[in-house]
Amino acid sequence: MVDRPLVLMAVHAHPDDEATGTGGVLAKYAAEGVETVLVTCTDGGCGDGPGGVKPDDPAHDAAAVVAMREGELRASCEILGVDHLELLGYADSGMMGWAANDAPNAFWNTPVAEAAERLAELMRTYRPDVVVTYDEYGFYGHPDHIQAHRITMAAVELTGIPKKVYWTTVPRSGFEQFQKLMAEFGTGDESEQPEPDTEIPELGLPDEQITTWIDTSAYGGAKFDALAAHASQGENIFFLRMGKERFTEFMGVETFVRVRDCTDAALPEDDLFAGLR
Ligand SMILES: [Zn+2]
């Protein structure tokens, strides 16, 4: 219907979020000839440092973390076939309540309108047909994920360019399997092991509320390798311990909620570009 390549833009908070949440769709659509744009809003400076130094350790050197993580992000993009990487460069705000929330350049501390205008400018440049970001809780409440959601929705309103907008989610039906995998492979930090009776947090959505299921299992290897490019981050080790096959089995379908649509493509759908090609 359009005589230029379709364009997918994913807006993420930190280096490595592109791999966990959307590595499959980025790799799949890139392989299909879709132009892919990744916008990473923060520098990831509150992540683990070289040698696994945690952010609350006095030896944690944010500048070193930022440099390391940018290198990892570029490697991940190479693996996934991302055509354009755009870094907004805000400082990682850390988890809710950390002092880093209030740092002058912290993403969480940046007015939504200001960051949204920068993102809108990128939308005017790349003219994405499809935009993917998080839901209003940032999926699990991380301030930078919430802020990425807010600036994305504001930039969509400002430009009116994307024909479809999606929020990443996970089906609640997968949580039982996730708990089993946690028990089998651990979290990488034994203190984070859930008690057997731990209540499953209300993350994700009931299956019937998920509009869009994309089978990306053919790209499970690329997704795994992209995540492996971010192996400095302790939270990723759990997934890497599964090995490629189990990882693809569990993470091979990426799920979304369609929140804006100009195509009337029937739901549920199995293609982010349904109605556009
Ligand atoms: Zn993140």
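Residues numbered from 1 in each chain as written. Predicted model: local features only at pLDDT ≥ 70, side-chain atom pairs only at ≥ 80, totals over all residues. Heavy atoms only, no water.

Enquirer: Help me understand the overall build of the chain, please; the structure alone is not making it clear to me.
Expert: Along the backbone of the chain there are eight helices and seven strands. Its C-alpha atoms give the chain a radius of gyration of 18 Å, near enough to 19 Å, the size a compact globule of 277 residues would have. In terms of principal-axis extent, the alpha carbons of the chain reach across some 55 × 40 × 30 Å. A fraction of 78% describes how many contacts in the chain between residues 6 or more apart in sequence connect residues 24 or more apart. As displayed, the chain has an accessible area near 12300 Å², and 53% of this comes from carbon and sulfur atoms. Charged side chains in the chain number 20 positive and 48 negative. The centres of these two groups are separated by 6 Å. (Helix = DSSP H or I, 4+ residues; strand = E, 2+ residues; numbered from the N terminus. Rg over C-alpha atoms; globule rule 2.2 N^0.38 Å. Contact = heavy atoms within 4.5 Å. Areas by Shrake-Rupley, 256 points an atom, 1.4 Å probe, with all protein chains shown as cover. Lys, Arg positive; Asp, Glu negative; His and termini not counted. Charge placed at Lys NZ, Arg CZ, Asp CG, Glu CD.)

Enquirer: It is not clear to me how the sheet that holds strand E4 (residues 130-133) should be interpreted in this structure. Could you clarify?
Expert: Hydrogen bonds between backbone groups are what pair the strands of a sheet, and the pairing can be parallel or antiparallel. Spatial strand order, E3-E2-E1-E4-E5-E7-E6: seven strands in an open sheet with mixed pairing. Pairing within the sheet leaves two strands with one partner each, and these edge strands are strand E3 (84-90) and strand E6 (212-215). Averaged over neighbouring strand pairs, the angle between their axes works out to 25° when direction is ignored. Relative to strand E2 (residues 35-42), strand E1 (residues 7-12) runs parallel, the two being bridged by six bridges. When the bridges of E2 are listed, Leu 8 appears paired with Thr 36. Against the sheet, helix H2 (residues 62-80) touches E2 and E3, its axis set at about 155° to E3. (Pairing = 2+ DSSP bridges. Axes fitted to C-alpha atoms, helices over the stretch in contact; angles between N-to-C directions.)

Enquirer: Help me understand the pattern of salt bridges in this model?
Expert: Charged atoms that come close allow side chains of opposite charge to pair. If you walk through the whole model with that rule in mind, you get 18 salt bridges. Two residues, Glu 70 and Arg 74, come together in a salt bridge whose shortest N-O distance is 2.9 Å. In this pair, Glu 70 and Arg 74 are both assigned in helix H2, four residues apart and thus about one turn of the helix distant. Residue class for Arg 74 comes out partly exposed when judged on its relative accessible area of 42%. Between Lys 164 and Glu 269 there is a salt bridge, and its shortest N-O distance comes to 3.1 Å. (Salt bridge = Lys/Arg side-chain N within 4 Å of Asp/Glu carboxyl O. Buried < 20%, exposed > 50% of the residue type's maximum accessible area, 1.4 Å probe, protein only.)

Enquirer: When you look at the packing of helix H7 (residues 234-241) against helix H8 (residues 243-251) in this model, what are you seeing that I'm missing?
Expert: A pair of packed helices is captured by two measures, namely the crossing angle of their axes and the spacing between those axes. Running from N to C, H7 and H8 cross one another at 100°; their axes reach a closest spacing of 7 Å. The angle between H7 and H8 falls in the class roughly perpendicular. Mapping the contact onto sequence places Phe 239, Leu 240 and Arg 241 in H7 and Gly 243, Phe 247 and Met 251 in H8. (Parallel < 35°, antiparallel > 145°, perpendicular 65-115°, else oblique.)

Enquirer: How should I be thinking about the coordination of the zinc ion in this particular structure?
Expert: Around a metal, the ideal angle is 109.5 degrees if four donors adopt a tetrahedral arrangement and 90 or 180 degrees if six donors adopt an octahedral arrangement. Bound to the zinc ion are the protein donor atoms His 14 (ND1), Asp 17 (OD), Asp 17 (OD) and His 145 (NE2), situated 2.1 to 2.5 Å from the metal. If you look at the zinc ion, its four donor atoms make angles of 55 to 140° with each other, and the shape they trace is irregular. (Donors = N, O, S within 2.8 Å, 3.2 Å for Na, K, Ca; no water. Tetrahedral: all angles 85-135°; square planar, octahedral: opposite > 155°, others 65-115°.)

Enquirer: Even after reading the chapter, I still don't get the environment of Glu 269, so can you show me in this structure?
Expert: Position of Glu 269 relative to the elements: it lies in the segment after strand E7 (253-261). A relative accessible area of 5% means that Glu 269 is categorised as buried. When the C-alpha positions of Glu 269 and Trp 213 are compared, they lie 6.5 Å apart, and in sequence the two are 56 residues distant. Setting aside residues no more than four positions away along its own chain, Glu 269 makes contact with Lys 164, Tyr 166, Thr 211, Thr 212, Trp 213, Arg 258 and Ala 274. For Glu 269, the side chain forms a polar contact with the side chain of Thr 212, separated by 2.8 Å. (Polar contact = N/O pair within 3.5 Å; in protein donor to acceptor, adjacent residues only side chain to side chain.)

Enquirer: Can you walk me through the side chain of Thr 212 in this structure?
Expert: Tracing the backbone through its elements, the reader meets Thr 212 in strand E6. Classification of Thr 212 as buried rests on a relative accessible area of 0%. Reaching out from Thr 212, the side chain makes a polar contact with the side chain of Thr 211 at a distance of 2.8 Å. Those residues in contact with Thr 212, other than ones at most four positions away along the chain, are Tyr 166, Glu 254, Thr 255, Phe 256, Arg 258, Glu 269 and Leu 272.

Enquirer: Looking at this structure, I do not really get H2. What am I missing?
Expert: Residues separated by three or four positions in an α-helix point in the same direction, a consequence of the helix having 3.6 residues per turn. When the terminal C-alpha atoms of H2 are compared, their 26 Å separation across 19 residues agrees well with the 27 Å that a helix rising 1.5 Å per residue should span. Two or three places before Ala 63, at the opening of H2, Asp 61 has a side-chain oxygen 3.1 Å from that residue's backbone nitrogen. Immediately beyond the C-terminal end of H2, within one or two residues, lies Gly 81, with a positive phi of roughly 75°. (Expected span 1.5 Å × (residues − 1).)

All quantities given are derived from atomic positions and should not be read as evidence of function.
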